[in-house]
Amino acid sequence: MRKDNEKCIGSEALVGGLSGESAACDWTQHLPVQGGGALGRRKTEAGDAGRQYGGDGRRESQPGQGAAHRAGAVGEGRRWEEHPLHRAGPGAAARREEALIKQFVSDVAWGELDFLIVDTPPGTSDEHISTVEALRPHQLLGAVLVTTPQAVSVGDVRRELTFCRKAGLHILGIVENMSGFVCPHCSECTNIFSKGGGEELAKHAGVPFLGCVPLDPQLSQSLEEGRDFIQEFPKSSAFPALTHIAQQILDTSQRSS
Amino acid sequence: VSPVPHWCPRHPSPQQQRPPRQRLGTAGARPRPRRRRRRKSPLETARATLFPVGQVGCFVFQVALLDIDICGPSIPKIMGLEGEQVHQSGSGWSPVYVEENLGVMSVGFLLSSPDDAVIWRGPKKNGLIKQFLRDVDWGEVDYLIVDTPPGTSDEHLSIVQYLSATRIDGAVIVTTPQEVSLQDVRKEINFCRKVKLPIIGVVENMSGFVCPKCKNESQIFPPTTGGAEKMCQNLSVSLLGKVPLDPQIGKSCDRGQSFLAEAPESPATLSYRNIIQRIQEYCEQHHLQEEKRM
């Protein structure tokens, strides 16, 4: 039973409303213009990232120098309470992420590309906001959203669809991953994570459904070993699904160029 | 025993009433002893743990479940509480109760539509987490369980910092057997060590699948580098257990039902129960050590 003076809290209780506000922080203005050392090679204080300068004077980092995440790592013997991230308080990690993503887009010498594919974590968080903002000046083809068939996963992806719409990001389509498992011993197909949730979501949202990718131990194995799945397992169950999805994305890109 | 006051937030509203769930480990009219504690602030007395769990053992514990996955709040659906709302009284925000002894808080209850997206940067998310800890009237709880998103992000930093005044028993880290997942989990273990968060242990999820037809086992996510077991040995962390794939788990989550009640004979149920027991034993041990120190 509720008291008469109890009220229902809705989204107005959330400070600043639901969406559209990015607490942009000019963290990057504090990064040094000059400075030696490759990105991430030396331990840095918050807001201070070393850069490597190319022959033409432009600052650049080479793909493959994957030590960027070590910038500002807690060093041996350094107490967490003394670390700049702790002193800077909550929110500092997000600001650093934003700065790092901007650097990945603008400072990495990618060379001439046909496609830049950005792998994001799940959700609609700092990384997604920062990525869209960093890539906005470029020709953003769109987003591919991946779900499993279960309602719990589809529930999250519905919110990600909203994010794409609010960010003005074209939705290339939805992929339903982990969609069914065919037993290698008896060929019985079991829908371990249910079936059809991704396709239903695509229909409900009016976006293309790109396809279902089944659970495939060979795919998992080749990811683990860093092998080229498409080259090495053309007869596996996930192969036709993945190639079909890739073809649809290629077709969309050709139509839009 | 005095009747429950009509204003008591633990008395479920007509909207919240649902058939009682099967209680684990109870038999008939077994008495339900409650843990008694000296009255302190709820968060000081609660054993804060960073993992999801329900009722345990033969005792009925007061459990609070806090969902801090702000962008992907799945707990309302999993707990069968979709569509419920948060009510506010003079004593704060009321958690939404699954049962009398299991209260839940999630941003999912504050969103008016399943399509609403929370597109916030870290500082705003942290502000909400603070509100959840400060403004929610959890009451006296035995366990506060915090469900976090994957990774080592602002949410993780915030919850550790905000709960630093209370004793966090520890973290349970969930992985799948693959190296791709273990790589992330090693970072999470490192994070826990850096922020001095004890690690209760690691759970290996999606650990094997037994075909319902031919009963052969397949490793859908092969443990190419020895799985969680090897990693735990290398990092001196406890492996709490391995949970096999079971299609009923996903179905129960989607329907908001208790998997342990729906599939009591499943090998996954046995695995969950063992994991819960190990966590409980760890927390008891931790609590005893704390009391000796005081």
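Position numbers for residues count from 1 along each chain, tracking the sequence in the order it is written. Chain A is the first chain written and ligand 1 is the first ligand written, with later ones labelled in order. Whole-chain, interface and lining totals are the exception, using all residues; otherwise, since this is a predicted model, local features are given only for residues with pLDDT of at least 70 and side-chain atom pairs are given and counted only at 80 or more. Remark: hydrogens and water are excluded; side-chain values derive from all non-hydrogen atoms of the structure.

### Here's the deal with the nonpolar core
Nonpolar side chains in soluble globular proteins generally cluster together in the buried interior. Our working rule: Residues belong to a common nonpolar core when they are buried Ala, Val, Leu, Ile, Met, Phe, Trp, Tyr or Cys residues joined through side-chain atoms within 4.5 Å. Residue burial is assigned from relative accessible area. The probe radius is 1.4 Å, only protein chains are included, and a residue is buried under 20% of its type maximum, exposed over 50%, and partly exposed in between. Domain extents, as shown, originate in an automatic or database domain assignment. Contacts are assigned to residue pairs with any non-hydrogen atoms lying within 4.5 Å of each other.
Core analysis: the biggest nonpolar cluster contains 69 residues, and B:Leu66, B:Phe132 and B:Ile159 have the highest contact counts within it. Counting residues domain by domain, this core receives three or more from each of domain 1 (39–166) and domain 2 (172–294) of chain B. With near-sequence residues (within four places) excluded, B:Phe132 lies in contact with B:Leu66, B:Asp67, B:Ile70, B:Trp93, B:Met105, B:Ser106, B:Val107, B:Leu110 and B:Trp138. Ranked by size, the runner-up nonpolar core spans 19 residues in total, among them A:Ile129, A:Ala143, A:Cys164 and B:Ala117.

### A look at the pattern of salt bridges
Condition: Salt bridge criterion: a side-chain nitrogen from Lys or Arg within 4 Å of a carboxyl oxygen from Asp or Glu. To qualify as a helix, a DSSP run of H or I must reach at least 4 residues; to qualify as a strand, a run of E must reach at least 2; elements of each kind are numbered from the N terminus.
According to the stated counting rule, one finds 14 salt bridges over all chains in the structure shown. The partner of A:Lys102 in a salt bridge is A:Glu98, with the nearest N and O atoms 3.5 Å apart. Placement of both A:Lys102 and A:Glu98 in helix 2 (residues 92–106) is noted, with a separation of four residues, approximately one turn of the helix. In this structure, B:Arg121 and A:Glu133 form a salt bridge, with 3.3 Å as the shortest nitrogen-oxygen distance.

### Concerning the packing of aromatic side chains
Residues and elements named next belong to chain B. Condition: Pairing of aromatic rings covers Phe, Tyr and the six-membered ring of Trp, with a centre-to-centre limit of 6.5 Å; geometry is then stacked below 30 degrees between planes, edge-to-face above 60, and tilted otherwise.
Under the counting rule described, the total for this entry stands at five aromatic pairs over all chains. On the basis of an interplanar angle of 85° and a centroid distance of 5.4 Å, the ring pair of phenylalanine 61 and tyrosine 143 is categorised as edge-to-face. Placement of the pair is phenylalanine 61 in the loop between strand 1 (47–50) and strand 2 (63–67) and tyrosine 143 in strand 7 (residues 143–147), with a sequence separation of 82 residues. Like tyrosine 143, phenylalanine 61 is buried. Ring centres of tryptophan 93 and phenylalanine 132 lie 6.3 Å apart, and the angle between their planes is 75°; this geometry places the pair in the edge-to-face category. Highlighted residues: tryptophan 93 in strand 4 (residues 92–94) and phenylalanine 132 in helix 3 (residues 122–135), separated in sequence by 39 residues.

### As for the sheet that holds strand 6 (residues 209–212) of chain A
Residue and element names in this part refer to chain A. What counts, and what does not: DSSP calls a pair of strands paired once it identifies at least 2 bridges connecting them. A fitted line through C-alpha atoms serves as each axis, taken over the contacting stretch for helices, and the angle formed by two N-to-C directions is quoted from 0 to 180°.
Strand order across the open sheet formed by three strands is 2-3-6, with parallel pairing between neighbours. Each edge of the open sheet is held by one strand with a lone partner, namely strand 2 (143–147) and strand 6. For this sheet, the mean angle separating the axes of adjacent strands, direction not counted, is 20°. When strand 3 (residues 171–176) meets strand 6, the two strands line up parallel, connected through three bridges. Across the sheet, valine 175 pairs through a bridge with glycine 211, a residue of strand 6.

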